[in-house]
Amino acid sequence: MAAAPDDNTPDPSIAELIAARPHLRMHAMDGLTMEDVPLGRIADEVGTPTWIYSAGALRARYRALTGALKDAGLDAHPHYAVKANDHLAILSLLRREGAGADVVSEGELLRARAAGIPASRIVYSGVGKSERELRLALTEDIGQINVESGEELRMLSAIAVSMDRIARVVPRINPDVDAGTHEKISTGRARDKFGIPFDEAIALYAEASRLPGIEPVGIATHIGSQIMDLAPYRAAFGRIAELVRALREKGHTVRVVDCGGGLGIPYRNQPGPSLAGLAGVIKAAFHNLDVRVALEPGRWLVGPTGVLLASVILQKQASGARFVVLDAAMNDLVRPAMYDAWHGIVPVGSADAAGPVSPGDVVGPVCESSDTFARGRLLPDLGPGALVAILDAGAYGSVMSSPYNARPRAAEVLVDGSDWTVIRARQPHSALWADEIVPA
Ligand code: LLP
């Protein structure tokens, strides 16, 4: 398995982690705050584990993204990748900022619509959309369906004809570019399951333009997630631009280029690509092609805006090692277990945060060793009841949680200035078996 590219970056200190996240601050009296709300107050009232998101940070990030695209002179439109965090409060906030949505299932499409995102601003991605899902997309008349195979294209054509609809189709091309990211989230190499092989793109576009019920309107690509280098984007977009030219030479109309998502975030404060850099790469590839640019950012928008607040259950010494056992676990945040992901972990109490540090493993109570958030992390002494915030948990956090070990879904809170709202109540235990049926 390929390692994540930032594996050798040294761990930043607690102070460095906080300083790099403008919505977080450490106060002598209140401890760690998000915007103007002490996280300790939320723990007192809602308990832990709890996901907490900063509305201010989310708005600021959305505006920074659209600002960078505008500054580059691009006609570019973000379609937020709903999978990163599908909470209606997050979707509604982004809708108010003007975002569209990138969805990959019936559930995500219905969520996006429930949050009021106009159908015309919805893009449907994914390697396997069922007939029922394609019908829903056509019933809703969403803006764009990204098809990933000839098989899917033909299925969509038949469905559209049966419904007397026209599907606006954007074939997703696999450019065979290695995004240099973790093996499990790389999507743009020829061996990955995603997209239409580059060499088959022109024939497929021609077929799409002949098929009834289908209107091909552009080309899409998405090469992976947590991409920390612009070079793979440059390579992929260069190939897509080449394809747009070739298609137009053959007389096809190409109005849209969908650049996908994938922009990474500095979990470890490591240097990464800037928005201006990404906008520049998009511009360099497409500026003279007169296309509408679509983007599908997920992690970059929401990841840094959230934390998972947890309490220390106990600190245990074993075989000379220290284990800090939290009340949050892999069932809440699975990224460390699943991708060896590194997340900053910061004490919430100001006295805790100032204490002398020593290495410890930060783990959850779930009964397997993969339930480990961090190994050998430099942290102060953290006794029972101490609070910690696991950083950058806004994307692929709550959405990937499970009820493993009969652990209910954690509560969620949205902070906005000095206000905060419980946007998901902690799931009661009885809900865990509410839909189970015991045969007589
Ligand atoms: N568009 C498509 C077609 C995608 O498949 C994805 C993510 C995105 C956009 C958004 O990518 P982003 O901007 O968030 O990188 N669970 C993994 C990440 C899986 C990403 C899947 N596809 C993780 O926790 O790292």
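Here the residue index of a chain counts from 1 through its sequence in written order. Given that this is a predicted model, residues contribute local features only at a pLDDT of at least 70 and side-chain atom pairs are listed and counted only at 80 or more, while totals for whole chains, interfaces and linings are drawn from all residues. Hydrogens and water are ignored here; the side-chain numbers use all heavy atoms of the structure.

## Quick word on the packing of aromatic side chains
Part 1 of the argument: For Phe, Tyr and Trp, where Trp contributes only its six-membered ring, two rings pair if their centres lie within 6.5 Å, and the inter-plane angle classes them as stacked under 30 degrees, edge-to-face over 60, or tilted in between. In the structure shown here, the tally under the stated rule is 2 aromatic pairs.
Part 2 of the argument: On the numbers, 5.5 Å between centres and 40 degrees between planes, the contact of Tyr233 with Phe237 is tilted. Of this pair, Tyr233 and Phe237 are both found in helix 9 (residues 231-249), 4 residues apart, which corresponds to roughly one turn of the helix.
Part 3 of the argument: Judged by relative accessible area, which is 1%, Phe237 ranks as buried.
Part 4 of the argument: The rings of Tyr233, Phe237 and Phe286 are connected pair by pair, giving a single aromatic cluster.
Part 5 of the argument: Here, a charge over a ring is recorded when the distance from Lys NZ or Arg CZ to the ring centre is within 6 Å and its angle to the ring normal is within 35 degrees. In this structure, Arg61 is placed above the aromatic ring of Trp300, and the distance from its NZ or CZ to the ring centre is 3.9 Å. Working definition: helices are DSSP H or I runs of at least four residues, strands are E runs of at least two. Numbering for both runs from the N terminus. Whether a residue is buried, partly exposed or exposed follows from its accessible area with a 1.4 Å probe, protein chains only, as a fraction of its type maximum: under 20%, in between, or over 50%, in that order.

## Details of the side chain of Asn146
Part 1 of the argument: Mapped onto the secondary structure, Asn146 falls in strand 8 (residues 144-147).
Part 2 of the argument: Pairs of N or O atoms are called polar contacts if they sit within 3.5 Å, as long as, within protein, a hydrogen donor faces a hydrogen acceptor (for residues adjacent in sequence, only side-chain-to-side-chain pairs). A distance of 2.7 Å separates the side chain of Asn146 from the side chain of Gln144, its partner in a polar contact.
Part 3 of the argument: At a separation of 3.1 Å, a polar atom in the side chain of Asn146 contacts the side chain of Asp258.
Part 4 of the argument: Should any heavy atoms of two residues lie within 4.5 Å, those residues are counted as being in contact. Sequence-distant contacts of Asn146, that is, excluding residues within four places in its chain, are made with Val123, Tyr124, Ser125, Gly126, Lys129, Glu152, Val170, Ala220, Asp258 and Glu296.

## Describing the pattern of salt bridges
Side chains bearing opposite charge may pair, as long as their charged atoms lie close to each other.
Part 1 of the argument: Here a salt bridge means any side-chain nitrogen of Lys or Arg lying within 4 Å of a carboxyl oxygen belonging to Asp or Glu. Tallied over the full model, the rule gives 21 salt bridges.
Part 2 of the argument: When the shortest N-O distance is used, the salt bridge between Arg132 and Glu106 registers 2.9 Å. Of the two residues, Arg132 is situated in helix 6 (residues 131-140) and Glu106 in helix 5 (residues 106-114); the sequence distance between them amounts to 26 residues.
Part 3 of the argument: Residue Arg191 pairs with Glu183 through a salt bridge whose shortest N-O separation is 4.0 Å.

## Thoughts on the sheet that holds strand 15 (residues 292-295)
Part 1 of the argument: A pair of strands counts as paired when DSSP detects no fewer than two bridges linking them. Across the sheet, which stays open at both edges, the 9 strands sit in the order 12-9-8-7-6-5-15-14-13 with parallel pairing between neighbours. Across the chains shown, the open sheet's two edge strands, defined by having one partner strand only, are strand 12 (214-216) and strand 13 (218-220). This sheet shows a mean twist of 25 degrees between the axes of neighbouring strands, independent of strand direction.
Part 2 of the argument: For strand 5 (residues 76-81) and strand 15, the ladder comprises 3 bridges, and the chain directions are parallel. Bridge assignment links His77 to a residue of strand 15, and that residue is Ala294. Throughout, an axis means a line fitted to C-alpha atoms (over the contacting stretch in the case of helices), and angles, computed between N-to-C directions, take values from 0 to 180 degrees.

## Looking at the environment of Ala179
Part 1 of the argument: Among the structural elements, Ala179 can be located in the loop between strand 10 (173-174) and strand 11 (196-197).
Part 2 of the argument: With 10 residues separating them along the chain, Ala179 and Val169 place their C-alpha atoms 25 Å apart.
Part 3 of the argument: Among all residues touching Ala179, those that are not within four sequence positions of it are Ser186, Ile223, Ile227 and Pro232.

## Quick look at the environment of Pro408
Part 1 of the argument: Topologically, Pro408 is positioned in the loop between strand 21 (387-390) and strand 22 (411-416).
Part 2 of the argument: The class for Pro408 is buried, based on a relative accessible area of 18%.
Part 3 of the argument: For Pro408, the contacting residues outside a window of four places in its chain are Asn331, Asp332, Gln427, His429 and Leu432.

## Some thoughts on the site of the ligand
Part 1 of the argument: When we say a residue is near a molecule or strand, we mean one of its heavy atoms is within 4 Å of it. Close to the ligand lie 19 residues, the nearest being Ser225, Glu296, Arg299, Arg335 and Tyr396.
Part 2 of the argument: The backbone of Gly262 places a nitrogen or oxygen atom 2.8 Å from an oxygen atom of the ligand.
Part 3 of the argument: Here an oxygen atom of the ligand sits 2.6 Å away from a polar atom, N or O, in the side chain of Arg335.
Part 4 of the argument: Computed by Shrake-Rupley with a 1.4 Å probe, the accessible areas treat only the displayed protein chains as cover when residues are assessed. For the ligand, the accessible surface in isolation is 590 Å², of which the surrounding protein chains cover 91%.
Part 5 of the argument: Three classes are used: nonpolar for Ala, Val, Leu, Ile, Met, Phe, Trp, Tyr, Cys and Pro, charged for Asp, Glu, Lys and Arg, and polar for all others, with Gly counted as polar. Residues that form the shell around the ligand fall into these classes: 6 nonpolar, 7 polar and 6 charged.
Part 6 of the argument: Residue ranges assigned to the domains are those given by an automatic or database domain assignment. Counting contributing residues, the shell around the ligand receives three or more from each of domain 1 (14-54 + 303-425) and domain 2 (56-302).

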